[in-house]
Amino acid sequence: VYSIFTISKPDEIERLVGTNFFGLPRINHVFSVYEMLTIPFKHHSKSIRLANMPSYIGYNPTDETIIEFYKRNLCDCAFGTVTSCRDVPAIHSTLSNICLDQILKKNKLSSCVSYGGVTLHYIDSAWRLKTFNLACRAYDPEFNPSLNKNIYILSDNENLMKATFREKRIGCGTHYSNKILEHALMKDDINCSDVQKLFLSVKAIVNHVKRSHKQAQLRHKLQSFSDTRFNGVFVMTKSILTVYDELTDTVQDEMKNKLSDIDKSLLQFICSYLKNFNDVTEGLSADQNPTIYEVIPLHQMLVHSSLTTTDNTEAPNSLKEYIGKELLSNWIITDEHYLCVILHPLLTNFQTLPDFKQHSYAVLQNKIKKVRNSDNNTTQPIDSSATSSSSSPTYMATNDNRRSLLSNFFDTINLNSVPKDEFHLYIESTVTFGKDETVLDYWKKNETVYPTISKIAKRILAIPATDTSAERLFSQSGNTVTNRRTRLGTDKVNQLMFLRKI
């Protein structure tokens, strides 16, 4: 390991470490190419690790120009004794990563700040879901909040978040699916090489078409995806499948081998299979109404779609087998997810989810006891005849797209049971859902019918299924702290994010 820089002051941020020196000849320029490794270091008595760094960086000491190699470029390059690339990334006089540019030029660090977004979700007295931008502040890795019993935290599933919020943390649903897809398409030694090879070929062709300005020759626009958003792979595969037959006359000769490596039938399978993940991502990311009760049903839909079949060839079955195992082992389902399913009145009998029924019932009954104990109330039987008129109409179908995805899991009506208390009255009731009616509309109408359960519903259904709102806040902060506004203080950024929401 060779250190590019030395430390002049004990409290100075330590320099990046570069390994494996290579030469990169291009247009009479020779670049020293380094693999970038970030290591923890102390800064103002705090432990810091640089993030979002290029995988490799090329530096020409003659004219101080720079090439950045990010993950998206690695499939086009071979890093050996001499680095060679099919498509060399652009040469720049400055780094696009402001923080890294300041480090390499030994300038004062003014932009090495990572922001953390915090949004607040709650249901008001009129049973409306509200979202509020609470803060967008510089991230402190030693942040250790103290939470009261009524607050839940939903975050992504990175180790920093897991370590910061050890209790009452709920994982982001789309982050789970995103990581599972990333590992399936990028991880070595998982017996998915055919699918991974096709994925890299598709990605290379899309990048080639966009860089070579061939896009106008195609009927439809090719779509790339973000390296951190593997849920977007469906959009990329769908776009290239749409114009697949046109690509032979569009791509240049060096890309035609990549195109010939693509098995169209396998591409069609991947596109069809990944559509399930795209639908789940869109469904869980909606923020106008609660979506957390959809996590278990849609998770099970993905598990079911990942079952291997004799109709599929080896490559599709290998992919489905790996993803199916990952869905069961790495997507963490919490008691809050179980509770939210039963809080949707069309899912209370778990007719299509029988494996989740007993635990969900136990969680709700335990929650009812805790709420009543905290309110110093005793359990009183409820006269079902007094409320039967408001709890036993029939279910009406809906054309709402998001609900139609969930409607396969709705229960059918059973009129043969006699409720005994609030829990059984709710479980054994039948309900009406109009075309545009939501779960919050139901609880607004039945707040007095099920007073204890409605308190639970108001608290639990406010939990989002994903951290989409915080991600949007993070994206907005990135659009605010630009190359032209590097001296913005963290407090000013926080205020600007607050004003954006207003």
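Per chain, the residues get numbers from 1 upward, laid out in the order the sequence is written. Owing to the predicted nature of the model, reporting of local features is limited to residues with pLDDT of at least 70; listing and counting of side-chain atom pairs is limited to 80 or more, with chain, interface and lining totals taken over all residues. Heavy atoms from the whole structure form the basis of all side-chain values; hydrogens and water molecules are not counted.

Peer 1: Please clarify how the overall build of the chain should be interpreted in this entry.
Peer 2: We count a stretch as a helix when DSSP gives it H or I for four or more residues in a row; a strand needs E for two or more, and each element gets its number in order from the N terminus. Along the chain, the regular secondary structure elements total 18 helices and 14 strands. Counting only residues that meet the buried cut, the chain has 46% of its 502 residues in that class. Of the contacts made within the chain by residues no fewer than 6 positions apart, 61% connect residues no fewer than 24 positions apart. For accessible areas, the Shrake-Rupley method is used with a probe of radius 1.4 Å. Any residue's cover is judged against the shown protein chains and nothing else. As presented, the chain carries roughly 26700 Å² of accessible surface, and 49% of it is formed by carbon and sulfur atoms. Note on exposure labels: buried denotes an accessible area under 20% of the residue type's maximum, exposed denotes more than 50%, and partly exposed covers the range between, all computed with a 1.4 Å probe on protein chains only. The criterion used for residue contact is that any of the two residues' heavy atoms lie within 4.5 Å.

Peer 1: Just to check I follow, could you spell out the packing of aromatic side chains for this structure?
Peer 2: The geometry of an aromatic ring pair comes down to the distance between the two centres and the angle between the two planes. Two rings from Phe, Tyr or Trp (for Trp, the six-membered ring) form a pair when their centres sit within 6.5 Å of each other. Planes less than 30 degrees apart are called stacked, planes more than 60 degrees apart edge-to-face, and all others tilted. Applying the stated criterion across every chain, the model contains 12 aromatic pairs. Both rings, one in tyrosine 176 and one in tryptophan 331, keep their centres 5.9 Å apart while their planes meet at 25°; by these two values the pair is stacked. In this pair, tyrosine 176 sits in helix α3 (residues 173-186) while tryptophan 331 sits in the loop between α9 (314-330) and α10 (335-342), placing the two residues 155 residues apart along the sequence. Comparing tyrosine 176 with tryptophan 331 shows no difference in burial state: the two are buried. Between the aromatic rings of phenylalanine 199 and phenylalanine 230, the centroid separation amounts to 6.1 Å while the plane-to-plane angle is 40°, which identifies the pairing as tilted. Taken together, the positions of phenylalanine 199 in helix α4 (residues 193-211) and phenylalanine 230 in the loop between α4 and α5 (233-242) put the pair 31 residues apart, joining distant regions of the chain. The residues phenylalanine 199 and phenylalanine 230 share a single accessibility class, namely buried. Counting every residue linked through ring pairs, the aromatic cluster contains Tyr426, Phe433, Tyr442, Trp443 and Tyr450. Definition used: whenever NZ (Lys) or CZ (Arg) falls within 6 Å of the ring centre and also within 35 degrees of the ring normal, the charge is taken to sit over that ring. Sitting over the face of the ring of tryptophan 127, lysine 458 holds its NZ or CZ atom 4.7 Å from the ring centroid.

Peer 1: What is the right way to read the pattern of salt bridges from this model?
Peer 2: Side-chain pairs of opposite charge can arise where the charged atoms are in close proximity. The rule for a salt bridge is simple: a side-chain nitrogen of Lys or Arg has to be within 4 Å of a carboxyl oxygen of Asp or Glu. Per the stated rule, a full pass over the model turns up 10 salt bridges. Between arginine 219 and glutamate 246 there is a salt bridge, and its shortest N-O distance comes to 2.4 Å. Note that arginine 219 is positioned in the loop between α4 and α5 and glutamate 246 in the loop between α5 and α6 (253-260), a separation of 27 residues in sequence. Between glutamate 321 and lysine 325 there is a salt bridge, with its nearest N and O atoms 3.5 Å apart. On the criterion of helical spacing, the pair formed by glutamate 321 and lysine 325 is a turn pair, its members being 4 residues apart in helix α9. Given a relative accessible area of 42%, glutamate 321 falls into the partly exposed group. Given a relative accessible area of 52%, lysine 325 falls into the exposed group.

Peer 1: Would you mind showing me how to read the confidence of the model for the chain here?
Peer 2: For any part of a model where pLDDT is low, the fine detail of the predicted coordinates should not be relied upon. A score between 0 and 100, pLDDT records how confident the predictor is in each residue. In the predicted model, the chain carries a mean pLDDT of 78, and the fraction of residues at 70 or more is 72%. Within the model, pLDDT remains below 50 along residues 1-27, and this stretch shows 69 contacts once partners closer than five positions in the same chain are excluded.

Peer 1: Just to check I follow, could you spell out the packing of helix α7 (residues 264-285) against helix α8 (residues 295-305) for this structure?
Peer 2: Helix packing for two helices is described by the angle between their axes and how far apart those axes are. Convention adopted: a line fitted to C-alpha atoms gives each axis, helices being fitted over their contacting stretch, and angles between N-to-C directions are expressed from 0 to 180 degrees. Running from N to C, α7 and α8 point in directions that differ by 175°, and their axes come no closer than 10 Å. Between α7 and α8, the angle falls in the class roughly antiparallel. Contacts between α7 and α8 pair Tyr273, Asn276, Phe277, Val280 and Leu284 from the former with Val295, Leu298, Met301, Leu302 and Ser305 from the latter. Its residues placed into classes, the contact of α7 with α8 shows 8 nonpolar, 2 polar and no charged. By definition in this entry, angles of less than 35 degrees are roughly parallel, angles greater than 145 are roughly antiparallel, angles of 65 to 115 are roughly perpendicular, and the rest are oblique. Under the grouping applied here, Gly and all other residues not named as nonpolar or charged are polar, the nonpolar ones being Ala, Val, Leu, Ile, Met, Phe, Trp, Tyr, Cys and Pro and the charged ones Asp, Glu, Lys and Arg.

Peer 1: So what exactly am I meant to see when it comes to the pairing of strand β6 (residues 56-60) here?
Peer 2: Along any regular strand, the residues point their side chains to alternate faces of the sheet. Of all 5 residues in β6, 4 are buried, a share of seventy percent or more. One bridge is not enough; two strands pair if DSSP finds at least two bridges between them. The sheet contact formed by β6 and strand β7 (residues 65-69) spans 5 bridges and is antiparallel. Pairing of tyrosine 56 across the sheet is with phenylalanine 69, part of β7. Here β6 folds back onto β7, and the loop between the two strands holds 4 residues, one of which, glutamate 64, carries a positive phi near 60°.

Peer 1: How should the pairing of β7 be read in this particular structure?
Peer 2: A large share of β7 lies buried, amounting to 5 of its 5 residues. Every second residue of β7 is oriented toward a common face, with Thr65, Ile67 and Phe69 on one face and Ile66 and Glu68 on the other, all of them buried. In this sheet, strand β10 (residues 91-92) lies alongside β7 in antiparallel orientation, the contact comprising 2 bridges. The residue bridging isoleucine 66 from the neighbouring strand is histidine 92, located in β10.

Peer 1: I'm lost on the nonpolar core in this one. Help?
Peer 2: Here is a general trend for soluble globular proteins: nonpolar side chains tend to be buried in one another's company. Only buried Ala, Val, Leu, Ile, Met, Phe, Trp, Tyr and Cys residues count toward a nonpolar core, and they belong to the same one when joined by side-chain atoms within 4.5 Å. Residues Ile205, Ile323, Leu343, Leu364, Trp443 and Leu461 are the most contacted members of the largest nonpolar core, which totals 99 residues. A per-element tally of this core places α7 first, with 10 residues. Shared between two domains, this core takes at least three residues from each, and those domains are domain 2 (115-172 + 466-500) and domain 3 (180-288 + 303-333). Residues within four places of isoleucine 323 in sequence aside, it is in contact with Ile180, Leu181, Ala184, Tyr273, Phe277 and Ser306. Membership of the second largest hydrophobic core comes to 7 residues, among which are Val33, Ile67, Phe69 and Cys85. Marked domain ranges trace back to an automatic or database domain assignment.

Peer 1: I would appreciate a short explanation of the side chain of serine 429 in the present structure.
Peer 2: Position of serine 429 relative to the elements: it lies in the loop between α14 (422-427) and α15 (439-445). Here serine 429 falls in the buried class, since its relative accessible area comes to 13%.

Peer 1: What exactly am I supposed to notice about unusual backbone geometry here?
Peer 2: Glycine aside, negative phi is the norm for most residues, and most peptide bonds take the trans geometry. Here the phi dihedral of asparagine 191 falls at roughly 65°; this positive angle occurs in a residue that is not glycine. Here the phi dihedral of phenylalanine 350 falls at roughly 50°; this positive angle occurs in a residue that is not glycine. Within the element layout of this structure, phenylalanine 350 appears in the loop between α10 and α11 (357-374). Looking at phenylalanine 350, the relative accessible area reads 3%, which means it is buried.

Peer 1: Would you mind going over the side chain of aspartate 467 with me for this structure?
Peer 2: Within the secondary structure, aspartate 467 is located in the loop between α16 (451-460) and α17 (468-480). Other than its neighbours up to four places away in sequence, aspartate 467 contacts Leu154, Ser155, Asp156 and Cys172.

Peer 1: I tried to follow the packing of α8 against α9 on my own but got confused; where do I start?
Peer 2: Relative to each other, α8 and α9 sit at 150°, their axes nearing to 8 Å. Taken together, the axis directions place α8 and α9 in an arrangement best described as roughly antiparallel. The chirality of how α8 crosses α9 is left-handed. Here α8 contributes His299, Leu302, Val303 and Ser305 to the contact with α9, which in turn contributes Lys320, Leu327 and Leu328. Taken together, the residues of the contact of α8 with α9 sort by class into 4 nonpolar, 2 polar and 1 charged. Note on convention: near helix rotated counterclockwise from far helix by under a right angle means a left-handed crossing. Clockwise means right-handed.

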